[in-house]
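Coordinate inspection notes
The lines below spell out each chain.
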Amino acid sequence: MTSLEQEVKLIARKPLPLPVLADALARLGLATGPAEHVHVRDLYLDTPDFWFYRAGVACRLRIRAGWTSLGLKTLTPSRRGFAARTELEEVLARPPPEPLTRVPGRALAARCRRLTGSSAIRILFEIEQQRVVLEARAPDGLRVAVSADYCRIGKSARPFHELELELCAGQDADLRRLGKRLRKQLRLKTGRCSKFERGLGALRIAVPPPPPVLPRLTTDMDFGPAVYRILQSQYDLFTWNLPGTLLGLDPERLHELRVAARRTAAVLQIVAFVLPGT
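Now for a quick tour of the structure. Quantities reported herein were computed from a predicted structural model and do not represent experimental measurements.

Criteria and thresholds
- Residues numbered from 1 in each chain as written.
- Predicted model: local features only at pLDDT ≥ 70, side-chain atom pairs only at ≥ 80, totals over all residues.
- Heavy atoms only, no water.
- Helix = DSSP H or I, 4+ residues; strand = E, 2+ residues; numbered from the N terminus.
- Buried < 20%, exposed > 50% of the residue type's maximum accessible area, 1.4 Å probe, protein only.
- Contact = heavy atoms within 4.5 Å.
- Pairing = 2+ DSSP bridges.
- Axes fitted to C-alpha atoms, helices over the stretch in contact; angles between N-to-C directions.
- Parallel < 35°, antiparallel > 145°, perpendicular 65-115°, else oblique.
- Left-handed = near helix turned anticlockwise from the far one by under 90°.
- Expected span 1.5 Å × (residues − 1).
- Polar contact = N/O pair within 3.5 Å; in protein donor to acceptor, adjacent residues only side chain to side chain.
- Salt bridge = Lys/Arg side-chain N within 4 Å of Asp/Glu carboxyl O.

1. Some details on the overall build of the protein
Counting secondary structure elements, the protein contains seven helices and ten strands. Projected onto the principal axes, the alpha-carbon positions of the protein cover approximately 80 × 40 × 35 Å. By the burial criterion, 41% of the 278 residues in the protein qualify as buried. In the protein, the proportion of contacts linking residues at least 24 apart, taken out of those at least 6 apart, comes to 63%.

2. A few points about the pairing of strand E5 (residues 67-74)
Most of E5 is tucked away: seven of the eight residues are buried. Pairing between strand E4 (residues 57-64) and E5: eight bridges, direction antiparallel. What sits directly across from Arg60, in E5, is Gly71. Connecting E4 to the antiparallel partner E5 that follows it, the hairpin turn spans two residues, and Gly66 within it adopts a positive phi of roughly 75°. Judged from the five bridges that link them, E5 and strand E6 (residues 82-91) form a sheet pairing that is antiparallel. Its bridge partner lying in E6, Leu72 is registered against Leu88.

3. A closer look at the packing of helix H6 (residues 223-247) against helix H7 (residues 251-274)
Between H6 and H7, whose axes approach to 8 Å, the crossing angle comes to 160°. Considered as vectors, H6 and H7 are oriented roughly antiparallel to each other. Seen along the crossing, H6 lies across H7 with a hand that is left-handed. Contacts from Phe223, Val227, Ile230, Leu231, Gln234, Leu237, Phe238, Trp240, Asn241, Leu242, Gly244 and Thr245 in H6 reach Arg253, Leu254, Glu256, Leu257, Ala260, Ala261, Arg263, Thr264, Val267, Leu268, Val271 and Val274 in H7.

4. A word on H7
Across its 24 residues, H7 extends 35 Å between first and last C-alpha, which sits within 8% of the 34 Å expected from 1.5 Å per residue. Every buried residue belonging to H7 is among Arg253, Leu257, Val259, Ala260, Val267 and Val271, and all of these are buried. On its buried face, H7 sits against helix H2 (51-54) and H6. The backbone nitrogen of Glu252 lies 3.0 Å from a side-chain oxygen of the residue at the head of H7, namely Asp250.

5. Observations regarding the pattern of salt bridges
By the definition in use, this model includes 19 salt bridges. With a shortest N-O distance of 2.9 Å, Asp149 and Arg131 are connected by a salt bridge. Taken together, the residues Asp149 in strand E8 (residues 143-153) and Arg131 in strand E7 (residues 122-137) connect sequence positions 18 residues apart. You can call Arg131 buried: its relative accessible area is 12%. A salt bridge links Glu164 to Lys195; the nearest nitrogen and oxygen atoms lie 2.5 Å apart. Taken together, the positions of Glu164 in strand E9 (residues 160-169) and Lys195 in helix H5 (residues 195-202) put the pair 31 residues apart, joining distant regions of the chain. In this structure, Glu164 and Lys195 share a single accessibility class: buried. If you follow the salt bridges from partner to partner, you end up with Glu7, Lys9, Arg85, Arg131, Asp149, Glu162, Glu164 and Lys195 in one network.

The structure is reproduced here in structure tokens:
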């Protein structure tokens, strides 16, 4: 199943008691439904050479009582705490095997395996969450899934508290407005990164940076080394955008791959002109 997740993320210094959260929502004119307490384990997966990350997605196994799902979510950066990310999710028929060496599941897993090929899958890190989830409704039709999360990354990182507001019905502008008012009322901070990004930072996991569009050249550089450096840079760009092109969620990746291929062809034409017979 493919969906567009639109959410506002806020950060709390300490746990938000359910009565305090429900009262804050009521003061803003929202009616709340019954709360559900959920324990969730999120396992973030990737290959040793970070194919999922290079494809612009986080690959996640979400495990809760009697239910496991595989998900891919785009790494679209948030702006002022608001993010709109494409999410693909598949509910698994059975719990994932241990040890985990390949992406479990059926249709979505097959799509992942076409992306990663024979590369082994590893668990980058785990985030354990105690969540209090409830639905809030406004008279104007806005409907929001509210989740107060107590999160722990692995066993060593310091736990943190998040409040997520996910749009279920209504306009994203109304969701942003609600997030701003709730942030001021509860004295929260704006969340500037996803849980995946927070996990990478907390555990200091080094991910490969995108290559530069063009290499650094100097005026005293010979023709051959300069050509080699340019061709190498375009090859790096081509291979960097290959995972995202194969996954097919972001058309910009295909565009960048084609640009790198066209630049390579242009450089080879120049070489053939300057050095005939090569």
